[in-house]
Amino acid sequence: MASPGGQGGGGGALSTRGGGVGARRMKWALELSMGNTRTRGDRQGGQGDVVYPIGYSEKPVPDTSIQETDKNLVEKRCWDVALGPLKQIPMNLFIMYMSGNTISIFPIMMVCMMAWRPIQALMSMSATFKVLESSSQQWLQGLVYLVGNLLGSALAIYKCQSMGLLPTHSSDWLAFIGPPQRMEIMGGGMVL
Amino acid sequence: MAKLIAFCLKFILLCGVAEAVFEDQVGKFDWKQQYVGKVRFAHYDTQTQSSKKVFAATEQNVFAALNTRTGEPLWRHVDKSGPEGNIDALLFHGQDAVVVVGNGRLLRSWETNVGGLNWEIVLDSGSFQSANFVGQHDSVKYVAVLKKSTVSLHYLSNGHQKWLENLPESETVEYQTVYSNGNSDVYVLGVVPNSHITVVVYSVEDGEIIQQVTVQAPWLSDLQASCAVVSDGILMCADSGTESLYMLDLHMQTYAQMTQVTLQSLGLEMSPGFHPRLVSTQPNSARPPLSEFFLQIGPDHHLLLQLNNREIVNLRDFKPAMLVSFATTGEKTVAAVMSPKNQTACSLNLFSAESGRRLLDTTLIFNLDPSGGKPEELFVQAFLKKDDSVGYKVMVQTEDHTLTFIQQPGRVMWTREEALADVVTMEMVDLPLTGTQAELEGEFGKKADGLFSMVLKRLSSQLILLQAWISHLWKLFYDARKPRSQVKNDVTIENLSRDEFNLQKMMVMVTASGKLFGIDSKTGSILWRHYLDNVPSNAAFQLMVQRTTAHFPHPPQCTLLIKDKDTGLTSLHVFNPIFGKKSHITPPTLPQPILQSVLLPLMDQDYAKVLLLVDDQYKVFAFPSTKNVLQQLQEMASSIFFYLVDSSQGRLSGYRLRTDLSTELIWDVVLPTEVQKIVTVKGKRPNEHVHSQGRVMGDRSVLYKYLNPNLLAVVTESTDTHQERSFVGIMLVDGVTGRIIHEAVQRKAKGPVHVVHSENWVVYEYWSTKSRRNEFSVLELYEGMELYNSTVFSSLDRPHAPQVLQQSYIFPSSISTMEATLTEKGITSRHLLVGLPSGGILSLPKMFLDPRRPEIVTEQSREENLIPYAPELLIRTEWFVNYNQSITRVRGIHTAPSGLESTCLVVAYGLDIYQTRVYPSKQFDVLKDDYDYMLISSVLFALFFATMISKRLAEVKLLNRAWR
């Protein structure tokens, strides 16, 4: 563990210049042991100048061998991710109900959020799949996740529909109808 | 979606502007001009030497005082139009002006200083003949009014009647003149045509007949035309048959014979066929008239004669002399004589009335306007200068109803174009682009000649534009430093150019007198005038814009069709509407009377629209009639239709054009004239655009409009005017097929009916005799929930009849005229501009005249923004577009679109002319006047810098964190 700009002096280490110049600041130093002479403290008193071999760590290394319970945890975690969008739906329904069908700035913002989130999630589908990679039911979870998001966006569309924001009526296309072309030319009036 | 748009619109509207004008907007976008009409009587205020008033009674039934320094009306009284308000006579005494109105219906006295009414009395019925002051003992106390069978005397102080006497033998004798010379007698002179003169003398005190004499005069037919009283009670008559003057002394006890003096004995000769005219003057009504008088014996031959001891002395012979007039100041009376000097100028001279000598230094030059008419009448104001010599000012009225006020030695103080009091029709024409803009436009019109030269041309024109822009900026900067009052924006024909939003236009106005005007719509200044001197008095006019200014370098072109209603002869006047100059294109000579004209949307190779003229043989002339046009017409002939409405026969007929320019009758509708007569026929305006093809219902479906461009609204009125049986009918007829699409009859109603026909609706107004009120009715036509054919409209292929909805409303006032607003694209909602007799112009939203207004409010109708039905239409004062600028006797309203979709230009004309802009949907496309540019830009800049600084700070912070 290198500590750049560490204090000069100290032995047992590689140094570019001789150790003789104690007061001089070293450009760099490599310490291969944790227990440095310079790190004073409780360690110093107990172990003295014991130099551990390279790579030795005092702390016990945890047992990382995969066990059956961990597997379940991963599975559970993956299901959490997969079911996330579905769990949001009741919440969204509640917000939808609360915001009403009037068109003003807040309901519009809500609808935008509701529509945007599933779309965003669907766009980053591959990233989610990567998370779910470790699960054995990867495809099922992916499907559930997809369905959840689709449901979310359907809900948003439904909300738009009920607010009247979708161009589903003939009146929405009225502005695009041009004036009809005249086939006959007509003029005249009262006899002067 | 639609809701979202509605939301945005609401948001815009909430930030919208106020409806009425603000105090500081008065006169910013609008102007008004007041007119009085053609002067019939004029009189100068002679009360004080420094007075600057001239009083005029006009043919438009207006009595007004004009400021002689500026020509502006000081006050103006407008009477009823038509014969009811006709001013028959105007007499002046001191500060009082006595006016006889409406064929002797009313006698009024006005206080002339402030224009207040002294008194008014109603006279007994009878047709008015003459009125005169009656003096007694050197003061004027009474006014005598002579009618067909009675003569009455009224006190000048309060108008009360002193006595009223029936005239003897009034069935046979035509009494025409009343005369008094200051003694206690009133002389009433009558004539039995070609037989004798009757003189009846009444006593002023009690109206007793003192004397009644008849004198033989078999040559005389009209007293007023050929006789005048001169000197101390001598009746002087001129006769063209015997070429002599006749004299009669009214004071003699017994009249034997009139004394005959032949003109030959005076060494004079009368122009053959000319009816001689006598002009005498009576400066003071309490004294007898002067013994000098003018005799006109030829169109430009006048004589100043004097009656001296019953002998006629020829003081001076004026030849050539176009106009003569007497003027009196103090004790001096002078004669003003106008004689032609050369082609373009006339000279005026003063002569002493007593001696006929020319007064020194009194020559005045009157320059004739080349685009005006000849002088018609002189109104001379004489005054005494400090050295006791006579000076004068003169008001000249010319044939084109122009009043020119001139001072010595010929300085024009002001001119008034009184022809504008009677505008018949008008058009608004876009102004041309500036020279530089036109240069740029012209570049695309030219033929391409190589890439390199095109690039050069483009660069050079861009350079010119840049130069113009810099000079414009420099001018702005230069003007900004000057105080506001010094900056003059004089509009002349040379610097006319279209503004950014095409808000400034040229108003081409056609007046009944035959004078055409070009008026700048922004300032109201008259930029050109042109007098057509051969226009008959009862002509019908039609003004058409054949080519607009959009086709540079071809000049714009307007055509005026003038038809004499008596002879049926028709002529065309083709002119440039921007400069008023007659076009070099010679219009076709039309030997046959023209019945109607049709302006086709076809253009010839010079971009002039084709005008079809239909003559009484139903043959068609095309103007212009080049080969190109004739070929186009042949190709299009089968789709060109026209209709003619003959009101006198109650006939509507439709014709189709044949390829040889003859026509065939294809339909004919006859409304029996015994029952009803056709009053008006209204088609749609050809320049109208409809943006939305339907209306959105509450359930968000669409109700499509029935937009038939060939639809005509025919209004009829019953010939039976009894209030129980009278009716008003309206018929919607397709002008191509003659199919009657809808018919509605309003029972117990009568006219006058005012109609507006636009888009898919017709609004009309009538008087309901049953409820005695004015009512509006609106008809709207819809195709239904589906369009039959959305790409083309053909009247020949319309199997389904439209749905027609109708609703009526009560309007609290009668109306004078009505027109709908018009905008560029038809997106802006429509308003009706209603001219009221009170002088207001009401901008009534069409939303209130909507047959879909529900009686019971439902969710859907609320969604549609429909106003619940209420029978009354209220007049809200903030709807008046002309605030307090009342427009007297408004006869017509002309609307024209501007370059801004929100803005519609409005011109109302009648006796006054008023121009303004209206914004039916508020100014949604313009930033407000008080828009805070400073605040917005400073906030923007502040935000911009804040972003920059915070970005920098964030960077520094990130770097620091990375080092830690």
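Residues numbered from 1 in each chain as written. Chains lettered and ligands numbered in written order. Predicted model: local features only at pLDDT ≥ 70, side-chain atom pairs only at ≥ 80, totals over all residues. Heavy atoms only, no water.

Brief notes about the overall build of chain B
Thinking step 1. Across its full length, chain B holds seven helices and 63 strands.
Thinking step 2. Principal-axis analysis of the C-alpha atoms gives chain B an extent of 130 × 70 × 60 Å.
Thinking step 3. The buried share of chain B, reckoned over its 964 residues, is 51%.
Thinking step 4. In chain B, of all internal contacts separated by at least 6 residues, the share reaching a separation of at least 24 is 50%.
Thinking step 5. Just so you have it, chain B exposes about 45,600 Å², and 53% of that area is on carbon and sulfur atoms.
Thinking step 6. Here chain B contributes 90 positive and 101 negative side-chain charges, whose respective centroids are spaced 9 Å apart. (Helix = DSSP H or I, 4+ residues; strand = E, 2+ residues; numbered from the N terminus. Buried < 20%, exposed > 50% of the residue type's maximum accessible area, 1.4 Å probe, protein only. Contact = heavy atoms within 4.5 Å. Areas by Shrake-Rupley, 256 points an atom, 1.4 Å probe, with all protein chains shown as cover. Lys, Arg positive; Asp, Glu negative; His and termini not counted. Charge placed at Lys NZ, Arg CZ, Asp CG, Glu CD.)

Re the overall build of chain A
Thinking step 1. The secondary structure content of chain A amounts to five helices and two strands.
Thinking step 2. Ordered by position from the N terminus, the helices and strands of chain A form the series α-α-α-α-α-β-β.
Thinking step 3. For chain A, the proportion of its 192 residues judged to be buried stands at 24%.
Thinking step 4. Long-range pairs, those at least 24 residues apart, make up 60% of the contacts in chain A with a sequence separation of at least 6.
Thinking step 5. Accessible area of chain A: about 13,400 Å², with a carbon and sulfur share of 64%.

Brief notes about unusual backbone geometry
Residue and element names in this part refer to chain B.
Thinking step 1. Here the bond from Lys 319 into Pro 320 is cis, since omega is 0°, no more than 30 degrees from zero.
Thinking step 2. Tracing the chain through its elements places Pro 320 in the loop between β25 (311-318) and β26 (323-329).
Thinking step 3. The peptide bond linking Phe 623 to Pro 624 adopts the cis configuration, its omega dihedral lying at 0°.
Thinking step 4. Relative to the elements of secondary structure, Pro 624 occurs in the loop between β43 (620-623) and α5 (627-636).

With respect to the packing of aromatic side chains
Thinking step 1. Inspection of every chain in the model, using the stated rule, returns 27 aromatic pairs over all chains.
Thinking step 2. These aromatic residues form a ring-pair network of at least three members: B:Phe55, B:Phe63, B:Trp75, B:Phe92 and B:Trp110. (Phe/Tyr/Trp six-rings, centres within 6.5 Å; stacked < 30°, edge-to-face > 60°.)

With respect to the sheet that holds strand β33 (residues 411-417) of chain B
Across a sheet, paired strands are connected by hydrogen bonds in the backbone, their directions being either parallel or antiparallel.
Residues and elements named next belong to chain B.
Thinking step 1. Read across the open sheet, the four strands follow the order β30-β31-β32-β33; overall the sheet is antiparallel. For this open sheet the edge positions go to β30 (375-384) and β33, each flanked by a neighbour on one side alone. Strand-to-strand twist in this sheet, taken as the mean axis angle between neighbours without regard to direction, amounts to 15°.
Thinking step 2. Inspection of the sheet shows β30 paired to strand β31 (residues 390-398) by nine bridges, in the antiparallel sense. By the bridge assignment for β31, Phe 383 is matched with Gly 391. (Pairing = 2+ DSSP bridges. Axes fitted to C-alpha atoms, helices over the stretch in contact; angles between N-to-C directions.)

Concerning the nonpolar core
Residue and element names in this part refer to chain B.
Thinking step 1. Counting 23 residues, the largest nonpolar core has Leu 420, Met 507, Met 509 and Ile 913 as the members making the most contacts within it.
Thinking step 2. Contributions of two or more residues to this core are made by β4 (62-67), β34 (423-430), β35 (505-511), β36 (515-520) and β62 (904-909).
Thinking step 3. Of all hydrophobic cores here, the second largest spans 21 residues; its members include Val 215, Cys 237, Leu 250 and Met 258. (Core = buried A, V, L, I, M, F, W, Y, C linked by side-chain atoms within 4.5 Å.)

Considering the confidence of the model for chain A
Residue and element names in this part refer to chain A.
Thinking step 1. When pLDDT is averaged across chain A, the result is 75; 74% of the residues are at 70 or more.
Thinking step 2. Ignoring residues within four places in sequence, the model shows residues 1-22, a span with pLDDT below 50, making 17 contacts including any to other chains.
Thinking step 3. Throughout residues 39-46 the model reports pLDDT below 50, and contacts reaching past four residues in sequence, or to other chains, amount to seven contacts. (pLDDT = per-residue confidence, 0-100.)

Quick notes on a negative patch on the surface
Thinking step 1. Negative charge collects at one region of the surface, where B:Glu23, B:Asp24, B:Asp930 and B:Asp932 lie side by side.
Thinking step 2. Structurally, B:Asp24 is set in the loop between α1 (2-14) and β1 (31-34). (Patch = residues over 30% accessible without salt bridge, like charges linked within 9 Å, V, L, I, M, F, W, Y side chains within 5 Å. Salt bridge = Lys/Arg side-chain N within 4 Å of Asp/Glu carboxyl O.)

Observations concerning the interface of chain A and chain B
Thinking step 1. Contacts between the two partners involve 30 residues from chain A, matched on the other side by 55 residues from chain B.
Thinking step 2. Carbon and sulfur atoms supply 63% of the area that chain A and chain B bury against each other, a total of about 3,500 Å² over both sides.
Thinking step 3. Our enumeration of links across chain A and chain B arrives at one salt bridge.
Thinking step 4. Ionic pairing is found between B:Arg700 and A:Asp172, a salt bridge with its closest N-O pair at 3.3 Å. (Buried area = accessible area lost by both parts, 1.4 Å probe.)

Focus: the pairing of β31(B)
Residue and element names in this part refer to chain B.
Thinking step 1. Counted residue by residue, β31 has nine buried out of nine residues, so it is predominantly covered.
Thinking step 2. Of the two faces of β31, the one lined by Val 390, Tyr 392, Val 394, Val 396 and Thr 398 and the one lined by Gly 391, Lys 393, Met 395 and Gln 397 are each fully buried.
Thinking step 3. Between β31 and strand β32 (residues 402-407), which follow one another and run antiparallel, lie three residues, and His 401 among them has a positive phi close to 65°.

Remarks on the packing of helix α3 (residues 105-123) of chain A against helix α5 (residues 138-163) of chain A
Residue and element names in this part refer to chain A.
Thinking step 1. In the contact formed by α3 and α5, the axes pass within 9 Å of each other and the chain directions differ by 155°. In terms of their interaxial angle, α3 and α5 are classed as roughly antiparallel. Crossing of α3 against α5: the hand is left-handed. For the pair α3 and α5, contact is made by Pro 107, Ile 108, Val 111, Met 114, Ala 115, Pro 118, Ala 121 and Leu 122 and by Tyr 145, Leu 146, Asn 149, Leu 150, Gly 152, Ser 153, Ala 156, Lys 159, Cys 160 and Met 163, respectively. (Parallel < 35°, antiparallel > 145°, perpendicular 65-115°, else oblique. Left-handed = near helix turned anticlockwise from the far one by under 90°.)

A word on the environment of B:Val62
Residue and element names in this part refer to chain B.
Thinking step 1. Structurally, Val 62 can be placed in strand β4.
Thinking step 2. Taking relative accessible area as the criterion, Val 62 reaches 0% and is therefore assigned buried.
Thinking step 3. In sequence terms Val 62 and Pro 920 are 858 residues apart; their C-alpha atoms lie 35 Å from each other.
Thinking step 4. Those residues in contact with Val 62 that lie beyond four places of it in its chain are Val 36, Ala 56, Ala 57, Arg 76, His 77, Val 78, Ile 87 and Leu 911.

Observations concerning the sheet that holds strand β24 (residues 301-308) of chain B
Residues and elements named next belong to chain B.
Thinking step 1. Pairing in this open sheet of four strands is antiparallel, and the strands run β22-β23-β24-β25 from one edge to the other. Each edge of the open sheet carries a strand with a single partner, namely β22 (277-280) and β25. When the angles between neighbouring strand axes are averaged without regard to direction, this sheet yields 30°.
Thinking step 2. Inspection of the sheet shows β22 paired to strand β23 (residues 292-298) by four bridges, in the antiparallel sense. Across the sheet, Val 279 pairs through a bridge with Phe 294, a residue of β23.

Digging into the pattern of salt bridges
Residue and element names in this part refer to chain B.
Thinking step 1. For the structure shown, the criterion picks out 32 salt bridges over all chains.
Thinking step 2. The residue Glu 376 makes a salt bridge to Lys 38 at a minimum N-O spacing of 3.3 Å. One end of the pair, Glu 376, is in strand β30; the other, Lys 38, is in the loop between β1 and β2 (39-44), with 338 residues separating them in the sequence.
Thinking step 3. Salt-bridge contacts for Arg 862 lead to Glu 859; the nearest nitrogen and oxygen are separated by 3.7 Å. Of this pair, Arg 862 and Glu 859 both sit in helix α6 (residues 859-863), three residues apart, which is roughly one turn of the helix.
Thinking step 4. Residue class for Glu 859 comes out exposed when judged on its relative accessible area of 57%.
Thinking step 5. Salt bridges sharing common partners tie together Arg 695, Glu 780, Lys 846, Asp 850, Arg 852 and Glu 864.

Notes on the side chain of B:Arg416
Residue and element names in this part refer to chain B.
Thinking step 1. Looking at the element boundaries, Arg 416 is found in strand β33.
Thinking step 2. Among the polar contacts made by the side chain of Arg 416, one reaches the main-chain carbonyl oxygen of Gly 71 at a distance of 2.6 Å.
Thinking step 3. Leave out the neighbours within four places in its chain, and Arg 416 touches Gln 34, Tyr 35, Val 36, Leu 66, Gly 71, Glu 72, Pro 73, His 401, Thr 402 and Leu 403. (Polar contact = N/O pair within 3.5 Å; in protein donor to acceptor, adjacent residues only side chain to side chain.)

Quick word on the environment of B:Trp219
Thinking step 1. Here B:Trp219 lies in the loop between β17 (209-216) and α2 (223-226).
Thinking step 2. Remark: the alpha-carbon pair of B:Trp219 and B:Lys619, spanning 400 residues in sequence, is separated by 51 Å.

Things to note about the state of the cysteines
Simply put, the disulfide is a covalent bond whose two ends are the sulfur atoms of two cysteines.
Residues and elements named next belong to chain B.
Thinking step 1. In the structure shown here, the tally under the stated rule is one disulfide over all chains.
Thinking step 2. Unpaired in this structure, Cys 904 has its nearest cysteine sulfur neighbour in Cys 558, at a distance of 19 Å.
Thinking step 3. You can call Cys 904 buried: its relative accessible area is 0%. (Disulfide = S-S within 2.5 Å.)

Digging into the pairing of strand β9 (residues 116-122) of chain B
Look at any regular strand and the pattern is simple: side chains alternate between the two faces of the sheet.
Residue and element names in this part refer to chain B.
Thinking step 1. Both strand β8 (residues 106-111) and β9 contribute to a ladder of six bridges, which runs antiparallel. Bridging from a neighbouring strand, Leu 107 pairs with Ile 121 of β9.
Thinking step 2. Linking β8 to β9, which pair antiparallel, is a turn of four residues; within it Gly 115 sits at a positive phi near 80°.

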